[in-house]
Amino acid sequence: FIRSIATIERGNTEELIKDARFVGLLMDRSTDSSVKEEELLYIQTCTEGRVAVRFAGIDAVEKADAEHITSAISGLMDSVDEECLCLLLVPLMEQR
């Protein structure tokens, strides 16, 4: 039952990304009771003047450095639809 809800919510988030004029990634860090670092990823969109922030995922990192955090982001983004991922990354690559 929970997987069905998650699938529907992921689809809703992908639609938000496709319809958005602006998209951003937000990161946060948490430490659980076993002192394990976890990175949380959120996707922020703006459509017709309405801003929405959706939880995209959480991943434990071995070490809170650039290499491990980048790896966590990559792993979390692997589950996002490829078309949506292109919408997020192409503008970033064009800025270089």
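See the structure above.
Residues take numbers from 1 onward in each chain, read along the sequence in its written order. Totals for whole chains, interfaces and linings use every residue, but because this is a predicted model, local features are given only for residues with pLDDT of at least 70 and side-chain atom pairs only at 80 or more, for both listing and counting. Water and hydrogen atoms were dropped before computing side-chain values, which therefore reflect all heavy atoms in the structure.

Asks: Quick question: what am I supposed to make of helix α2 (residues 66-77) here?
Replies: Because an α-helix packs 3.6 residues into every turn, residues spaced three or four apart end up facing the same way. Here α2 contains twelve residues, and its C-alpha end-to-end distance of 16 Å stays within 8% of the 16 Å for a straight helix at 1.5 Å per residue. Per-residue accessibility, obtained with a 1.4 Å probe over protein chains only, is compared with the maximum for each type, and a residue is labelled buried under 20%, exposed over 50%, and partly exposed between these values. Numbering of helices and strands runs from the N terminus; a helix is a DSSP stretch of H or I covering at least four residues, while a strand is a stretch of E covering at least two. Within the span of α2, buried status applies to Ile69, Ala72, Leu76 and Met77. Seen end-on, α2 carries its buried residues on one side only, within an arc spanning 130°. Take the residue count of a helix, subtract one, and multiply by 1.5 Å to get its expected span. It is the directions from the helix axis to the C-beta atoms that the arc portrays.

Asks: Just to check I follow, could you spell out the nonpolar core for this structure?
Replies: Side chains of nonpolar character tend, in soluble globular proteins, to be buried together. Here the nonpolar core consists of buried residues drawn from Ala, Val, Leu, Ile, Met, Phe, Trp, Tyr and Cys, with membership extended through side-chain atoms lying within 4.5 Å. Grouped together as the largest cluster of nonpolar side chains are six residues: Ile17, Leu41, Ile43, Ala56, Leu76 and Met77. Mapped by element, the contributors of at least two residues to this core are β2 (37-47) and α2.

Asks: Where do I start with the sheet that holds β2 in this structure?
Replies: Strand pairing in a sheet is mediated by backbone hydrogen bonds. Such pairs are either parallel or antiparallel. Following DSSP output, two strands are said to pair if at least two bridges run between them. Judged by pairing direction, the sheet is antiparallel, and its three strands sit side by side in the order β1-β2-β3 without closing on themselves. Sheet topology places β1 (22-31) and β3 (50-60) at the edges, where each strand pairs with a single neighbour. Put simply, the sheet's adjacent strands are angled 20° from each other on average, direction ignored. The sheet contact formed by β2 and β3 spans ten bridges and is antiparallel. Each bridged residue has a counterpart across the sheet, and for Cys46 the counterpart in β3 is Val51. Axis lines are fitted through C-alpha atoms, for helices just across the contact stretch, and the angle between N-to-C directions can take any value from 0 to 180 degrees.

Asks: I keep staring at the side chain of Thr47 and nothing clicks. Help me out?
Replies: Tracing the backbone shows Thr47 in strand β2. Throughout, a contact is declared for two residues whenever any of their heavy atoms are within 4.5 Å. Residue contacts for Thr47: discarding those within four places in its chain leaves Leu16, Asp19 and Ala20.

Asks: Any chance you could explain the pattern of salt bridges here in plain terms?
Replies: Salt bridge, as used here, is a side-chain nitrogen of Lys or Arg placed within 4 Å of a carboxyl oxygen of Asp or Glu. Evaluation of the coordinates by the stated rule reveals four salt bridges. Glu9 is the partner of Arg54 in a salt bridge, and the nearest nitrogen-oxygen pair spans 3.2 Å. In this pair, Arg54 is assigned in strand β3 and Glu9 in helix α1 (residues 2-19), connecting sequence segments 45 residues apart. The exposure class of Arg54 is partly exposed, given its relative accessible area of 26%. When its relative accessible area of 37% is taken as the criterion, Glu9 is described as partly exposed. Where Glu39 meets Arg29, a salt bridge forms, and the shortest distance between an N and an O atom there is 3.5 Å. Residue Glu39 is found in strand β2, and its partner Arg29 is found in strand β1; the two are separated by ten residues along the sequence. A relative accessible area of 47% means that Arg29 is categorised as partly exposed. Each of the salt bridges in this network shares a partner with another, and the network as a whole consists of Arg29, Glu37 and Glu39.

Just distances and angles here, no functional claims.
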